[in-house]
Amino acid sequence: MTAVTAGTAESTGAPGGSDAAVAAEQAAYEAVFDAAVAADERIEPRDWMPEAYRASLVRQIAQHAHSEIIGMQPEANWITRAPSLRRKAILMAKVQDEAGHGLYLYSAAETLGTSRDELLDKLHSGRQKYSSIFNYPTLTWADVGAIGWLVDGAAITNQVPLCRCSYGPYARAMVRVCKEESFHQRQGYEALLALSRGTEAQHAMAQDAVDRWWWPSLMMFGPPDAESTHTAQAMAWKIKRHSNDELRQRFVDIAVPQAEALGLTLPDPDLRWNEERGHYDFGPIDWTEFWDVLKGNGPCNDQRLSKRRQAHEDGAWVREAAAAYAEKHTGTHGEAQA
Amino acid sequence: MTSDGWPLWEVFVRSRRGLSHTHAGSLHAPDAEMALRNARDLYTRRSEGVSIWVVPSTAITASSPDEKDPFFEPAADKPYRHPTFYEIPEGVKHL
Ligand SMILES: [Fe+2]
Ligand SMILES: [Fe+2]
């Protein structure tokens, strides 16, 4: 029995076979893949998969992983200035979770034949993106609350359906992530509630944070369906289960009553219940802002990337020391313990 | 030296005594000891485990990914290995 079998990129060609034989083999593999997706079965790392499916997953999972670790920065900004020890401990745990989410996702991406270093390289050189929401600054403590409630809330809305993604390792990573996210959202909501019910100045601070984070949170779902280049194919492959606009609507419907309970308003004069649709109508989103931030012109793009690169470079000596130590002790640390 | 030089480890976690270790995920680490520490931080932040195994990914030998692999065929035609294969008169108890 060997670990090398059909299904890896290298072994799908038929060496020495005619073009027709290769094409027939390819078609057979494709039929198996299509049937598995149609039957709602999961695709696993060593299964044959279309190259475009693999590339699309790498792109999406990498962007997701990058978002988790870049997303640590805006909140970490407030750890030293959290208003109480309780809030500080919570915030540290939350930021640590985001690092963990990044690692689950990098692992999932690696099962597709890419390496972590390659992905980090692409992040550092700007060739792969992260969610543009993290290019906005956290100006006050209330922003930590607003991020937990709205940004993690939007992320959860996006991620829950990804637990049923057709690619097994991504789906499993999402199950772990979603379990951890609900604390993120609740701690943010609780922090905002405390401010909203506090002094007049605290209430105003909470309102200001919500005013600034609301629209960027709606943009997290990506461009409208009509302009989304990847959505249709990703849905056909069951990587995505719902369109951007569907998920955005779901999030708005959930958030409006939550805002009411907070005693805060959402900065949209067009926001109202539509009896006929059974959903909240909301105003137009400023997509020029979205594309502008995505292109690198947001308030914090440069800061986020340079801080990431710096952290990576500053950690080089730790990686080197650990590797040197491992090499020196080769053979003495190889046993796992039950 | 980058983390590429760090091998990949598969992590197995026993969630509580009496249960088997189950695969939780993977991670990179320079050696087994660091792999265990990283696994604790990554996979048991909420007391999900009472014991962790880390195994170098390269040490795992796997069967073919195809579920219809002939490798598993010997099991497919032996329904008599299942208790439901047998007909027992109604009313017979504890069988
Ligand atoms: Fe996260
Ligand atoms: Fe989160």
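Residues numbered from 1 in each chain as written. Chains lettered and ligands numbered in written order. Predicted model: local features only at pLDDT ≥ 70, side-chain atom pairs only at ≥ 80, totals over all residues. Heavy atoms only, no water.

A closer look at the overall build of chain A
Alright, step 1. Assigned secondary structure in chain A consists of 13 helices and two strands.
Alright, step 2. Once the C-alpha set of chain A is aligned to its principal axes, its extents read approximately 75 × 60 × 40 Å.
Alright, step 3. Here chain A holds 338 residues, and the buried ones make up 51% of them.
Alright, step 4. For chain A, contacts bridging at least 24 residues in sequence account for 76% of all contacts bridging at least 6.
Alright, step 5. Counting every atom, chain A has about 16,100 Å² of accessible surface; 57% of that belongs to carbon and sulfur.
Alright, step 6. Distance between charge centroids for chain A: 5 Å, based on 34 positive and 46 negative side chains. (Helix = DSSP H or I, 4+ residues; strand = E, 2+ residues; numbered from the N terminus. Buried < 20%, exposed > 50% of the residue type's maximum accessible area, 1.4 Å probe, protein only. Contact = heavy atoms within 4.5 Å. Areas by Shrake-Rupley, 256 points an atom, 1.4 Å probe, with all protein chains shown as cover. Lys, Arg positive; Asp, Glu negative; His and termini not counted. Charge placed at Lys NZ, Arg CZ, Asp CG, Glu CD.)

Things to note about the sheet that holds strand E2 (residues 21–28) of chain B
Residues and elements named next belong to chain B.
Alright, step 1. The antiparallel open sheet is built from three strands, whose spatial order is E2-E1-E3. Taken across any chain shown, the strands that pair with only one partner, and hence form the sheet edges, are E2 and strand E3 (51–56). Sheet twist, expressed as the average angle between the axes of neighbouring strands with direction ignored, equals 25 degrees. (Pairing = 2+ DSSP bridges. Axes fitted to C-alpha atoms, helices over the stretch in contact; angles between N-to-C directions.)

Let's talk about the coordination of the iron ion (ligand 1)
Residue and element names in this part refer to chain A.
Alright, step 1. Within the protein, Glu 68 (OE), Glu 98 (OE), His 101 (ND1) and Glu 181 (OE) serve as the donor atoms for the iron ion (ligand 1), at 2.1 to 2.3 Å.
Alright, step 2. Classification of the site at the iron ion (ligand 1) as irregular follows from its four donor atoms and the range of 83 to 157 degrees in their angles at the metal.
Alright, step 3. Along the chain, the residues donating to the iron ion (ligand 1) fall in the pattern E-x29-E-x2-H-x79-E.
Alright, step 4. The metal-metal distance between the iron ion (ligand 1) and the iron ion (ligand 2) is 3.3 Å, with Glu 98 serving as a donor to both. Taken as a pair, Glu 98 and His 101 lie in helix H4 (residues 85–110) at a separation of three residues, close to a single helical turn. Here the two residues Glu 98 and His 101 agree in accessibility, since each one is buried. (Donors = N, O, S within 2.8 Å, 3.2 Å for Na, K, Ca; no water. Tetrahedral: all angles 85-135°; square planar, octahedral: opposite > 155°, others 65-115°.)

A closer look at the pattern of salt bridges
Residue and element names in this part refer to chain A.
Alright, step 1. Applying the stated criterion to the full structure yields 21 salt bridges over all chains.
Alright, step 2. The residue Arg 248 makes a salt bridge to Asp 245 at a minimum N-O spacing of 2.7 Å. Of this pair, Arg 248 and Asp 245 both sit in helix H10 (residues 244–262), three residues apart, which is roughly one turn of the helix.
Alright, step 3. A relative accessible area of 30% means that Asp 245 is categorised as partly exposed.
Alright, step 4. The structure contains a network of salt bridges with shared partners spanning Glu 75, Lys 94, Glu 98 and Asp 152. (Salt bridge = Lys/Arg side-chain N within 4 Å of Asp/Glu carboxyl O.)

A short note on unusual backbone geometry
Negative phi values dominate among residues other than glycine, just as trans dominates among peptide bonds.
Alright, step 1. Its identity as a non-glycine residue notwithstanding, Asp 40 of chain A has a phi of 65 degrees, on the positive side.
Alright, step 2. Inspection of the secondary structure assignment puts Asp 40 of chain A in the loop between helix H1 (19–38) and helix H2 (51–70).

Focus on the packing of aromatic side chains
Alright, step 1. Tallied over the full model, the rule gives 15 aromatic pairs over all chains.
Alright, step 2. Geometrically, the ring pair formed by Phe 290 of chain A and Trp 291 of chain A is edge-to-face, given 5.0 Å between the ring centres and 75 degrees between the ring planes.
Alright, step 3. With a centroid separation of 5.1 Å and an interplanar angle of 80 degrees, the aromatic rings of Phe 85 of chain B and Tyr 86 of chain B are classed as edge-to-face.
Alright, step 4. The class of Tyr 86 of chain B is partly exposed, set by a relative accessible area of 46%.
Alright, step 5. Following the ring pairs from residue to residue traces out a cluster consisting of Tyr 29, Phe 33, Trp 48, Tyr 53 and Trp 237 of chain A.
Alright, step 6. The ring of Trp 78 of chain A has Arg 81 of chain A lying over it, and the distance from NZ or CZ to the ring centre is 3.9 Å.
Alright, step 7. Above the face of the Tyr 104 of chain A ring, Arg 176 of chain A is positioned so that its terminal group lies 5.2 Å from the ring centre. (Phe/Tyr/Trp six-rings, centres within 6.5 Å; stacked < 30°, edge-to-face > 60°. Lys NZ or Arg CZ within 6 Å of the ring centre and 35° of its normal.)

Section: the coordination of the iron ion (ligand 2)
Residues and elements named next belong to chain A.
Alright, step 1. Taken together, the protein donors to the iron ion (ligand 2) comprise Glu 98 (OE), Asp 152 (OD), Glu 181 (OE), Glu 181 (OE) and His 184 (ND1), at separations of 2.0 to 2.7 Å.
Alright, step 2. Sequence positions of the residues that donate to the iron ion (ligand 2) give the spacing E-x53-D-x28-E-x2-H.
Alright, step 3. Relative accessible area serves as the criterion here: at 4%, Asp 152 is assigned to the buried category.

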